[in-house]
Amino acid sequence: MNLPDILKAEVAGKTILVRGDLDVPLTEFRVQNSEFRIDDDTRIVAGFPTVDYLLKSGATVILIGHLGRPEGKVQAEYSLEPIAKWYSQVFSIRYLVFSIGEFSGWKIGEKLVVLENLRFYPGEESKDSSFVQKLSWLGDIYVNDAFAASHRDHASIVGIPKLLHHFAGLQLQKEIESLSKITDNPQKPCIVIIGGKKLETKLPLVEKMLEIADFVLVGGLIAKEIEEHHPIYNAKLKLARQNKDATDIAQVSTDEFVRVISQAKTIVWNGSMGKLSSKFKVQSSKLDQEDTEEGTRRIAQAIIKSRAYSVTGGGDTIEFLQKEGLFDKFNFVSTGGGAMLSFLAGEKLPGIEALLQ
Ligand code: 3PG
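The following refers to the structure shown. (Residues numbered from 1 in each chain as written. Predicted model: local features only at pLDDT ≥ 70, side-chain atom pairs only at ≥ 80, totals over all residues. Heavy atoms only, no water.)

## Some words on the overall build of the protein chain
The condition that has to hold: The helix count covers DSSP runs of H or I at least four residues long, the strand count covers runs of E at least two residues long, and both are numbered beginning at the N terminus. The globule rule used for comparison is 2.2 Å times the number of residues to the exponent 0.38, while the radius of gyration itself is calculated over C-alpha atoms. The classification of residues rests on relative accessible area computed with a 1.4 Å probe and restricted to protein chains. Under 20% of the type maximum is buried, over 50% is exposed, and intermediate values are partly exposed. In this description, accessible areas are obtained by the Shrake-Rupley approach with a 1.4 Å probe, and a residue is regarded as covered only by the protein chains that are shown.
What the protein chain contains, in helices and strands, is 15 helices and 14 strands. Here the C-alpha atoms of the protein chain give a radius of gyration of 21 Å, agreeing with the 21 Å that 2.2 N^0.38 yields for 357 residues. When the backbone C-alpha atoms are referred to their principal axes, the protein chain occupies close to 60 × 50 × 35 Å. A total of 357 residues make up the protein chain; the buried ones form 56% of that total. Just so you have it, the protein chain exposes about 16400 Å², and 49% of that area is on carbon and sulfur atoms.

## Comments concerning the packing of aromatic side chains
Basically, it comes down to this: To pair, rings of Phe, Tyr and Trp, with the six-membered ring standing in for Trp, must have centres within 6.5 Å; the planes then decide the type, stacked if under 30 degrees apart, edge-to-face if over 60, and tilted in the middle.
Overall, the coordinates contain six aromatic pairs when judged by the stated rule. Considering the side-chain rings of Phe-147 and Phe-343, the 6.4 Å spacing of their centres and the 75 degrees angle between planes classify their relative orientation as edge-to-face. Of this pair, Phe-147 sits in the loop between strand E7 (141-144) and helix H6 (155-163) while Phe-343 sits in helix H14 (residues 338-344), and the two are 196 residues apart along the sequence. Each member of the pair, Phe-147 as well as Phe-343, carries the same accessibility label: buried.

## Comments concerning empty space enclosed by the protein
Put simply, the test is: Only protein atoms enter the 1 Å grid used here. Points where a 1.4 Å probe fits but cannot escape make up a cavity, open sets with protein on both sides within 12 Å along at least five of seven lines make up a pocket, and a residue lines them when an atom lies within 4 Å of a point. Grid points are joined across faces, edges and corners, and a volume is the space filled by probe spheres set on the points. The residue classification treats Ala, Val, Leu, Ile, Met, Phe, Trp, Tyr, Cys and Pro as nonpolar and Asp, Glu, Lys and Arg as charged. All others, Gly included, are polar.
On inspection of all chains with the given rule, the structure shows one cavity of 30 Å³ or more. Volume-wise, the largest cavity comes out at about 60 Å³. The wall of the largest cavity is formed by Val-18, Gly-20, Asp-21, Leu-22, Arg-43, Ile-44, Gly-47, Val-51, Leu-63, Tyr-87 and Asp-145. Broken down by element, the residue count for the lining of the largest cavity peaks at four residues, all from helix H1 (residues 42-56). Of the residues in the lining of the largest cavity, the class split is six nonpolar, two polar and three charged.

## Description of the site of the ligand
Condition: If even one non-hydrogen atom of a residue comes within 4 Å of a molecule or strand, that residue is called near it. We call two N or O atoms a polar contact when they sit within 3.5 Å, provided that within protein one can donate a hydrogen and the other can accept it, with sequence-adjacent residues counted only if both atoms are side-chain atoms.
Residues in close proximity to the ligand include Asp-23, Arg-43, His-66, Arg-69, Arg-119, Ala-148, Arg-152 and Lys-198, which together make up its full environment. Take Arg-43: an N or O atom from its side chain is 3.1 Å from an oxygen atom of the ligand. Within the contact set of the ligand, an oxygen atom lies 2.9 Å away from a side-chain nitrogen or oxygen of Lys-198. For the ligand, the protein covers 94% of the area, taking 310 Å² as the surface of the free molecule. Here the shell around the ligand is built from residues that sort into one nonpolar, one polar and six charged.

## Thoughts on H1
Stated formally: In this scheme, a helix's expected span is set at 1.5 Å multiplied by one less than its residue total.
An ideal rise of 1.5 Å per residue puts 21 Å on 15 residues; H1 measures up with 22 Å between its terminal C-alpha atoms. One or two residues past the end of H1 sits Gly-58, with phi positive at roughly 85 degrees.

## So, the layout of surface pockets
In this structure, the second largest pocket occupies an estimated 280 Å³ of space. Glu-35, Phe-36, Glu-81, Pro-82 and Lys-85 are, among the 13 residues lining the second largest pocket, the residues nearest its centre. Of all the elements, helix H2 (residues 81-91) adds the most residues to the lining of the second largest pocket, at five residues.

Right, dumping it as structure tokens:
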């Protein structure tokens, strides 16, 4: 794929709007003052090389992105402030989070600015043309380094590149290169494992994956949803049963999944098999003290043991692997969850298409 490479752009003295993957898991740690701490910074670490390169090349960077799903309303728990703080520590800069309105008068010479969560504005998801225009006026060049959000048809993903010279960031290029190795020539048997949340994104992908994989193993809420509301009759599909509290995959299903995984030569995995907990979470209820991660842990270990070419990804999956010290045991860890599955299923991602035009 011939993506326009940011390394080939003239960036010195220019202002670059970088759409990053800033959607990282947070935990509230000081309830009264509402302060949030980053549980896992893998996605922002992955975006660091592009921002670093641009700053070292003499550009000014305006970092834009989303966090969670605040549905067009300002909500403190979805502020990008903790992410801006992270950048301020890494680059030793003053940290700044501007809302788009406040930002229009910006002329104070900062080299790196983080804009507030774009999803605080309804225009981000509706691709409102005046919102797209306001954003594009802020920069000379647009860079998409947000692979994990490139399956979204939103203003900052597809709107801005229509108005500005556009390029692919370094992480986005790495994702496409690494994932293309699987789409070009997957070693068989190829197994796809899907779990976790975001039913509406992943449900259609289960059917797509059945067209390309030898087996599709589905756990968690998605398995339940297929079983109860969207039956799919296909011998390649294996749906996990849940334990009696419906908090984790049942042991009998884990055993079955582990057997299938052991035969695989290529494995793609996104999403947990049960409830995951944050590493900072204060455990309060009895349910919190139960280990609901055992099924997910066994699946992760079985993938590693299989020696298949393994690709995994997605915010919650990454956080789990980091917490368990298993992150480095996979051949490739994508920053994307839904985006990774969509790309591997052969779908055209709106964000990638926008860069190719
Ligand atoms: C993700 O976490 O997969 C991306 O940030 C996209 O988030 P979304 O599913 O809320 O669009």
